[in-house]
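# Observations on chain architecture
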Amino acid sequence: VTAYFNKPQFKPLKYLHENLSKATQSYELAISKNYDYVAGRQAVRLSVISKSKDRYSYVYWFDSDDHIILRTDTLNGQGELIERFVLTSLTLKQPAEYSIENTINLASIESVLYHNESNEGVKQAKIDWLPANFWIFSIQSVYDKSQTLLYKHLLLTDGFASVDIYLGQSGREAKLTRGQQLDAFHVFKHVLGEKKVSVEGRLPYETLKKIGLNIVLKNSHD
């Protein structure tokens with residue numbers, strides 16, 4: 001059995017660092033001049049503040065020596081705290097040597113093939129509205145081992161925040177949320193003709209809903 005692991009992994013802080021001109025269209029960035037202490041370690045604070053209320057703001061505390069994220073606060077459009085991740089203690093150890101073949105039974109993994117496409121790859125649907133400065137970052141067709149199309153996956157971003165759209169006959173079930181709120185992560189599910197649509201991401205639910213309701217199926221002759 002062959003397993004394919006080329007599903008796109010969008011890393012917001014890495015992309016922000018490498019593409020500041022894009023991210024700063026939607027966010028204001030600030031680094032504190034003073035040190036804080038988190039988990040007993042000296043930390044630098046980075047604020048990524050949204051310029052609009054249709055997405056969230058974030059405040060990160062990084063270990064000043066090892067650059068590990070020690071704390072993350074997520075704020076809504078009113079500046080209210082809606083989610084916090086914080087380490088209470090931190091011990092760094094040398095990573096143990098291991099082989100992925102010894103830790104994963106490849107024969108037990110169901111085959112899923114992710115086929116990358118250009119932005120012209122989704123011809124059966126269009127999105128009539130997106131939040132300002134969002135664009136399509138990647139498109140994939142996802143097939144099972146019998147080469148049956150499971151769904152199309154669109155990854156959208158504004159250079160920092162990201163949204164996943166799954167469009168297909170089978171759709172994609174959100175294992176944790178089941179279409180409900182989970183702190184700052186939301187899922188909007190919608191049936192569009194014979195297609196199931198799932199719009200998922202760390203954006204306000206109303207923003208995801210508006211994106212989902214503005215997905216329009218095209219006729220084959222369009």
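Given the structure is predicted, the values throughout are model-derived calculations rather than measurements.

A tally of helices and strands in the protein chain yields 4 helices and 14 strands. Relative to its 222 residues, the protein chain shows a buried fraction of 36%. Once local pairs closer than 6 in sequence are excluded, the contacts in the protein chain between residues at least 24 apart make up 49%. When the accessible surface of the protein chain is summed, it comes to about 13,600 Å², and 50% of that surface belongs to carbon and sulfur atoms.

Right, let's talk about the side chain of Asp 158 for a bit. On the secondary structure map, Asp 158 appears in the loop between strand E10 (149-157) and strand E11 (162-168). Among the residues examined, Asp 158 registers a relative accessible area of 0% and is labelled buried. For Asp 158, the side chain forms a polar contact with the side chain of Arg 55, separated by 2.9 Å. From its side chain, Asp 158 meets the backbone nitrogen of Ala 161 in a polar contact 2.8 Å long.

Looking now at helix H4 (residues 205-213). Within H4, burial applies to Thr 207, Leu 208, Ile 211 and Gly 212. Burial along H4 is one-sided: seen end-on, the buried residues are contained in an arc of 135 degrees. Residues of H4 that are buried sit in contact with strand E8 (125-127), E11, strand E12 (186-192), strand E13 (195-201) and strand E14 (215-217).

To continue, consider the packing of aromatic side chains. Applying the stated rule across the entire model yields 10 aromatic pairs. Consider the rings of Tyr 15 and Phe 137, whose centres lie 5.5 Å apart with planes at 85 degrees: the pair is edge-to-face. Of this pair, Tyr 15 sits in helix H1 (residues 12-18) while Phe 137 sits in strand E9 (residues 135-144), and the two are 122 residues apart along the sequence. Assessed through its relative accessible area of 15%, Tyr 15 is described here as buried. Where Tyr 58 meets Tyr 60, the ring centres are 6.1 Å apart and the plane angle is 15 degrees; that geometry is what we call stacked. In this structure Tyr 60 comes out as buried when scored by relative accessible area, which is 7%. Put simply, the rings of Tyr 27, Tyr 58, Tyr 60, Phe 62 and Phe 160 pair up and form one aromatic cluster. Seen from the ring of Trp 61, Arg 71 lies directly overhead, with NZ or CZ sitting 4.0 Å from the centre. A cation over an aromatic ring shows up here: Lys 210 above the ring of Trp 129, its NZ or CZ 4.3 Å from the ring centre.

Parameters and conventions
- Residues numbered from 1 in each chain as written.
- Predicted model: local features only at pLDDT ≥ 70, side-chain atom pairs only at ≥ 80, totals over all residues.
- Heavy atoms only, no water.
- Helix = DSSP H or I, 4+ residues; strand = E, 2+ residues; numbered from the N terminus.
- Buried < 20%, exposed > 50% of the residue type's maximum accessible area, 1.4 Å probe, protein only.
- Contact = heavy atoms within 4.5 Å.
- Areas by Shrake-Rupley, 256 points an atom, 1.4 Å probe, with all protein chains shown as cover.
- Polar contact = N/O pair within 3.5 Å; in protein donor to acceptor, adjacent residues only side chain to side chain.
- Arc of directions from axis to C-beta.
- Phe/Tyr/Trp six-rings, centres within 6.5 Å; stacked < 30°, edge-to-face > 60°.
- Lys NZ or Arg CZ within 6 Å of the ring centre and 35° of its normal.

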